[in-house]
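# Close look at the chain arrangement
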2 protein chains.
Amino acid sequence: MRNSRTSEVPPSESAAAGESTRGPRRRDVLVGAAGIGIGAAAMFAGGAAVQSVSGPATFGNETATSAANHQWRIHPEPPAHAVFIAVDLDQSVDRARLESLLRILTDDANRLMAGYAPVGDQEPQLAETPAGLTITLGFGPRLVDLVNPRAKPEWLAPLPAFKIDQLQDAWSGGDLLVHVASDDRLTLAHAQRTMLKDLRAYTTVRWQQDGFRNSRGTLKPGTTQRNLFGQVDGTVNPAPGSADFDELVWIGANGTTGVGGASPDWLAGGTSFVLRRIQMNLETWDLVDTPGRDAAIGRRIDTGAPLTGSHEHDEPDFEALTPQGFTVINPVSHMRRARSEDPTERIHRLTYNYDLPVAGVGGMGASVSDSGLIFGSLQANPLTQFVPIQQRLSDADLLNEWTVPIGSAVFAIPPAASGGGFIGDSLYAA
Amino acid sequence: MRNSRTSEVPPSESAAAGESTRGPRRRDVLVGAAGIGIGAAAMFAGGAAVQSVSGPATFGNETATSAANHQWRIHPEPPAHAVFIAVDLDQSVDRARLESLLRILTDDANRLMAGYAPVGDQEPQLAETPAGLTITLGFGPRLVDLVNPRAKPEWLAPLPAFKIDQLQDAWSGGDLLVHVASDDRLTLAHAQRTMLKDLRAYTTVRWQQDGFRNSRGTLKPGTTQRNLFGQVDGTVNPAPGSADFDELVWIGANGTTGVGGASPDWLAGGTSFVLRRIQMNLETWDLVDTPGRDAAIGRRIDTGAPLTGSHEHDEPDFEALTPQGFTVINPVSHMRRARSEDPTERIHRLTYNYDLPVAGVGGMGASVSDSGLIFGSLQANPLTQFVPIQQRLSDADLLNEWTVPIGSAVFAIPPAASGGGFIGDSLYAA
């Protein structure tokens, strides 16, 4: 039974099972994101799983960015549901026990993403419909220190303090990130529970953030989604496959980047992930009329077009003036402040909405929403890419009136495991 | 601005707007579920909304059960996401103010379901993709008492106590139910907020329950979904359109039913809704092996087939014996106990899963899940249909070892509003 699996079970147990006829050979599920997608589709071609259904049959089969050794599977249309869980390692977890844990997590993640139940799964049918399932691990500073302190990148630390921050410990930090995403919320629940059971004997949950986006099929593919402010959110997000995407997001061979700063070798093919929990005050935002909203954002709230243009993807003209001599786009609008002249000061955003139940409240004066954005950001180097953007927005951004960062965490995202290895094996070898 | 709308605003404001050229004529959105589906599709035929996308374009356009005056739109494949919110009326709300509230809620629900933003909606774009949105109102005992105490059905009261219950006030009762469901979680969030803002000046939120099912497209249409136990859940659920569905679910003309007991006239075309929150202990369920699970349920957990059959929909043989002389299907298995010889002792189930974040826990011994079923049940008469089933399950059901009802509520579901009227108008006229 799975519950009885402990760190004493040799990692070869799961590897051996992966090579049996019951599942894909281990190597098949470790060749990288693009390979996985094709593999999973082929494996289910004759079955009753999602692949045989029209429409959403493309769950998780979009073109991934490259077949290189990336762990994080970045899709142009992220899954509709995501959970981000940060755990802290128990004091009893040493370097060797952590390796056992990482081997188990790697194995289970690979099986689940391929539509196979992990060893000992008591509800294996819930694993049969991955619906674009992705599982990603990220390492916090303490985890890297435990394995190999000299291999810690300079940027793997809490972000500098920003004056807009009202950070809560309950939403910040963490030793290990487990990110699970799927177009199906039930699939996600099962995969999440599998990973949490793996983690149980080694860690304590620090925080868990559940988020959602529009479901697959609600909007035309390629449509920029709106957030709970109604704002078209992510128009200029660098897309996987675009010219400089790889350079912006992935850490290169030997840890080099094209965005300034270098990372340790072991992160080649990896990236960094910044997660900010941004509370959005829907109550006070409700008091703002459409022109006020347009001005705060710098774009029309209805179409997402810059105030100097007529279509969402029109280039804004920051010099254009009103008849009264003011710039059409307010210099402290969100769009203006987020924009840098330096093309390397860009990030790939991965955002989800949250909207938590609030019971026991009423009356016009009470705030009845606990809503906002789970703002994820992938970049080769947080210090040269994320921080300057956040610093400008912290210094001045009209949107700050209605938003407050209440959580913050930085994780190193290791590359994919090598054949027969585990996520983080390059850190152990560094 | 919507925030400034109070009970002083005459109801004709919204009715008049509904008849403007900006939206469907009010009558068009009040003709019943089947009409709405067609109407909504036609309205969006030329637009960019969900209807133009392949696959999930059928969101909400399945055949509804009938074009009669039913408010509750029962679909064979319920939306993937649902919220159930119970509010209590403030002491200041009298019969007349309640009518104002019900008119506002009716109007906003009709607009939202048709893909139109309510009057004063500050994020109207979030209303453009209903994705099968349904909004349903239910009345608790206190609400009916306030309007017309003599018109309260006998069954509109807390259920009799069952020995398995461990009910919490925080999940039980309520004066008014607002149920919102959609295949898109963002659409749901916007519709929910619209309704909550309407309610704010009149009520206090008592509880809110968020639930999910498999996403549209994950499973082949017609597949019975599994719950978080991995159990195929709802095999014998009477389906909309089946022979005796209408008789089981809807209250007939003059309040008559074919299931025993009568209801007041004003509920003709309505129904009753029982909501039970059932905590499922995934931790102890994990300790049970497959034969133990099969025995507890009376069906094979892998296929959902009765233990005397080989396919999910095979009729169980409760007399079949093992070589040792025991019945193959345990007489206290869940399936056996749920089954009645009386064909009127059946209900239409509408179930969603819940799985709440649990932070700050670790260690093998700790329970780390807060999961279960939001068990909804529609029936013409709870006392003759729901109660006998629940009583048998409470008296003996192997599954009780791992499940605990922690919330319970009963609501009267009024019929659809008459032309120009509001949900509940027949109660006012009774």
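Residues numbered from 1 in each chain as written. Chains lettered and ligands numbered in written order. Predicted model: local features only at pLDDT ≥ 70, side-chain atom pairs only at ≥ 80, totals over all residues. Heavy atoms only, no water.

Quick note on the threshold: UniProt positions are given in the numbering used here, feature names are shortened, and annotations may be inferred rather than shown by experiment.
Going by the annotation in an unreviewed UniProt entry, the name recorded for chain A is Peroxidase, with Gulosibacter molinativorax given as the source organism. In its Sequence similarities (unreviewed entry) section, UniProt records this for chain A: "Belongs to the DyP-type peroxidase family."

## Let's talk about the packing of aromatic side chains
Each aromatic ring pair is described using two quantities: the centre-to-centre distance and the angle formed by the ring planes. What counts is decided by this rule: Note on aromatic contacts: the rings of Phe and Tyr and the six-membered ring of Trp form a pair at centre separations within 6.5 Å, being stacked when their planes are under 30 degrees apart, edge-to-face when over 60 apart, and tilted otherwise. Either the NZ atom of lysine or the CZ atom of arginine qualifies as a charge over a ring when it sits within 6 Å of the ring centre and within 35 degrees of the ring normal.
By the definition in use, this model includes 18 aromatic pairs over all chains. Here A:Arg185 stacks its cationic end above the ring of B:Phe212, 4.4 Å away from the centre of that ring.

## As for helix α10 (residues 386–395) of chain B
Think of an α-helix as 3.6 residues a turn; residues three or four steps apart then line up on the same face. Quick note on the threshold: Note on classification: 1.4 Å probe, protein chains only; a residue is buried when its accessible area is under 20% of the maximum for its type, exposed when over 50%, partly exposed between these limits. Each helix corresponds to a stretch of at least 4 residues labelled H or I by DSSP, and each strand to a stretch of at least 2 residues labelled E; elements are numbered beginning at the N terminus. By definition in these notes, contact holds between two residues if any of their heavy atoms fall within 4.5 Å.
Where burial is concerned, most of α10(B) is hidden: eight out of the 10 residues are buried. Each element contacted by the buried residues of α10(B) is listed here: β5 (271–280), α9 (334–338) and β7 (370–379) of chain B.

## So, the packing of helix α3 (residues 95–113) of chain B against helix α5 (residues 185–199) of chain B
Residues and elements named next belong to chain B. The test is simple: Geometry is summarised by axes, namely lines fitted to C-alpha atoms with helices restricted to the contacting stretch, and by angles between N-to-C directions that run from 0 to 180 degrees. For classification purposes, angles smaller than 35 degrees are called roughly parallel, those larger than 145 roughly antiparallel, those between 65 and 115 roughly perpendicular, and all remaining angles oblique. Left-handed describes a crossing in which the near helix is turned anticlockwise from the far one by less than a right angle; the clockwise case is right-handed. Amino acids are sorted into nonpolar (Ala, Val, Leu, Ile, Met, Phe, Trp, Tyr, Cys and Pro), charged (Asp, Glu, Lys and Arg) and polar (every other residue, Gly among them).
Relative to each other, α3 and α5 sit at 165°, their axes nearing to 10 Å. Comparing their axes, α5 and α3 come out roughly antiparallel. Crossing geometry of α3 relative to α5 is assigned as right-handed. Facing α3, whose interface residues are Leu101, Ile104, Leu105, Asp108, Ala109 and Leu112, α5 presents His190, Ala191, Thr194, Met195, Asp198 and Leu199. Broken down by class, the residue content of the contact of α3 with α5 amounts to eight nonpolar, two polar and two charged.

## Observations concerning the UniProt feature "domain: Dyp-type peroxidase N-terminal" (unreviewed entry) in chain A
UniProt records the feature "domain: Dyp-type peroxidase N-terminal" (unreviewed entry) at residues 74–213 of chain A, using the numbering of this structure. Taken end to end, residues 74–213 of chain A is 29% helix and 23% strand, and its first and last C-alpha atoms sit 15 Å apart.

## Observations concerning helix α5 (residues 185–199) of chain A
All names here are of chain A. Definition in use: Expected helix span is computed as 1.5 Å times (number of residues minus one). For this analysis, a polar contact is any N or O atom pair within 3.5 Å, provided that within protein one partner can donate a hydrogen and the other can accept it, and provided that sequence-adjacent residues contribute only side-chain to side-chain pairs.
End to end, α5 covers 21 Å across 15 residues, agreeing with the expected 21 Å (1.5 Å per residue, within 8%). In terms of residue burial, α5 counts as a mostly covered element, since 15 of its 15 residues are buried. The N-capping residue of α5, defined by a side-chain oxygen 2.8 Å from the backbone nitrogen of Leu186, is Asp184.

## Things to note about the pattern of salt bridges
We count it as follows: Salt-bridge detection follows one rule: a side-chain nitrogen of Lys or Arg within 4 Å of a carboxyl oxygen of Asp or Glu.
Under the counting rule described, the total for this entry stands at 38 salt bridges over all chains. Of the charged contacts, one joins B:Asp145 and B:Lys152 as a salt bridge, the two residues approaching to 3.1 Å between their closest N and O atoms. Several salt bridges converge on common partners, so that one network encompasses A:Glu123, A:Arg193, A:Lys197, A:Arg200, B:Glu283, B:Asp286 and B:Arg293.

## Observations regarding unusual backbone geometry
In terms of backbone geometry, most residues other than glycine have negative phi values and most peptide bonds are trans. Residue and element names in this part refer to chain A. Phi at Asn254 takes a positive value of approximately 60°, unusual for a residue other than glycine. Along the chain, the position of Asn254 falls in the loop between α6 (245–249) and β5 (271–280). Given the relative accessible area of 58%, Asn254 is considered exposed.

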